[in-house]
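Fold and geometry: a report
In case you want the letters, here they are:
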Amino acid sequence: APLSDPLGGSTEGHLVVRRGPGDADLGSDAGMPDIYSARCTRRPPRARVRGGTVELTYPRLSLGLGERRDTVTLNGSIPWRVEVHGGVGDVAADLSGVDLRSLEVAGGVAHTSLDLSAPSGTVPVRLGSVRDVTIRRPAGVPVRVRVRRGSRRLAVDDQAIGAAAGPTTLVTPGFATATDRLDVTVDAADRLTITTRG
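The paragraphs below set out a description of the structure included in this document. Everything numeric here is computed off the predicted structure, so don't read it as measured data.

**Topic: the pattern of salt bridges**
Within the structure shown, the criterion is met by 15 salt bridges. Taking the shortest distance from any N to any O, the salt bridge between Arg48 and Glu55 comes out at 3.6 Å. Here the residues in one salt-bridge network are Arg18, Arg48, Arg50 and Glu55, joined through shared partners.

**Observations regarding the side chain of Thr57**
Of note, Thr57 is situated in strand E6 (residues 53-57). The residues contacting Thr57, other than those within four sequence positions of it, are Arg18, Arg19, Pro45 and Arg46.

**Considerations on empty space enclosed by the protein**
Gaps left between atoms are located by rolling a probe of water-molecule size over the structure's atoms. On inspection of all chains with the given rule, the structure shows two cavities of 30 Å³ or more. As a volume, the largest cavity reaches approximately 280 Å³. Lining the largest cavity we find 23 residues, and of these Leu26, Val84, Val88, Val91 and Ala93 sit closest to its centre. Elements supplying a minimum of two residues to the lining of the largest cavity: strand E2 (13-18), strand E3 (22-29), strand E8 (80-85), strand E9 (88-95), strand E10 (100-106), strand E11 (109-116) and strand E12 (122-137). Residue composition of the lining of the largest cavity, grouped by class: 21 nonpolar, one polar and one charged. In this structure, the second largest cavity is lined by Leu100, Leu116, Ser117, Pro119, Val123 and Leu182. Among the residues forming the lining of the second largest cavity, the class breakdown is five nonpolar, one polar and no charged.

Rules of the game
- Residues numbered from 1 in each chain as written.
- Predicted model: local features only at pLDDT ≥ 70, side-chain atom pairs only at ≥ 80, totals over all residues.
- Heavy atoms only, no water.
- Salt bridge = Lys/Arg side-chain N within 4 Å of Asp/Glu carboxyl O.
- Helix = DSSP H or I, 4+ residues; strand = E, 2+ residues; numbered from the N terminus.
- Contact = heavy atoms within 4.5 Å.
- 1 Å grid on protein atoms, 1.4 Å probe; cavity = no way out; pocket = protein on both sides within 12 Å on 5 of 7 lines; lining within 4 Å.
- Points joined across faces, edges and corners; volume = space filled by probe spheres on them.
- Nonpolar A, V, L, I, M, F, W, Y, C, P; charged D, E, K, R; others polar.

This is the structure:
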């Protein structure tokens, strides 16, 4: 049976994932009655919901299980902050239907795709060391990408850097004056692509 909890009177959501999942799909549904639901193909996370905060604690990072993927769905009718502790691997996150206020992954991010909606204000995206990660956003959304340490194969729209030993910043046109924009920070990058959808 899926894990879930009623939306109730929650007007905003905060997803906290501990010991991040591997082989998982994250999506949204604006019409669902629950604040979230999770379908698990293996040992389910321990779930705790308080107000609008959904806390999922996974037993351990479990990668390489092929077609067996967990699915977590967020209620798309409310804005969300997403916080992951412990890194993620092989995750497909389609948050194009979510009013995302912030995304933070403390730990490594590998083989992961992230689809984002048009931002409201400046939306921070903070990731640890990334490897083979693609972030897609709607066309026309300005973005700044800062890599704290070294990077290899970093591409932001039509800007590309083969390799850089130190900190790197790439900015798309209009970022400085835009009200609604994405601000991406990663510790280190190996194959990070930031592009537009469509």
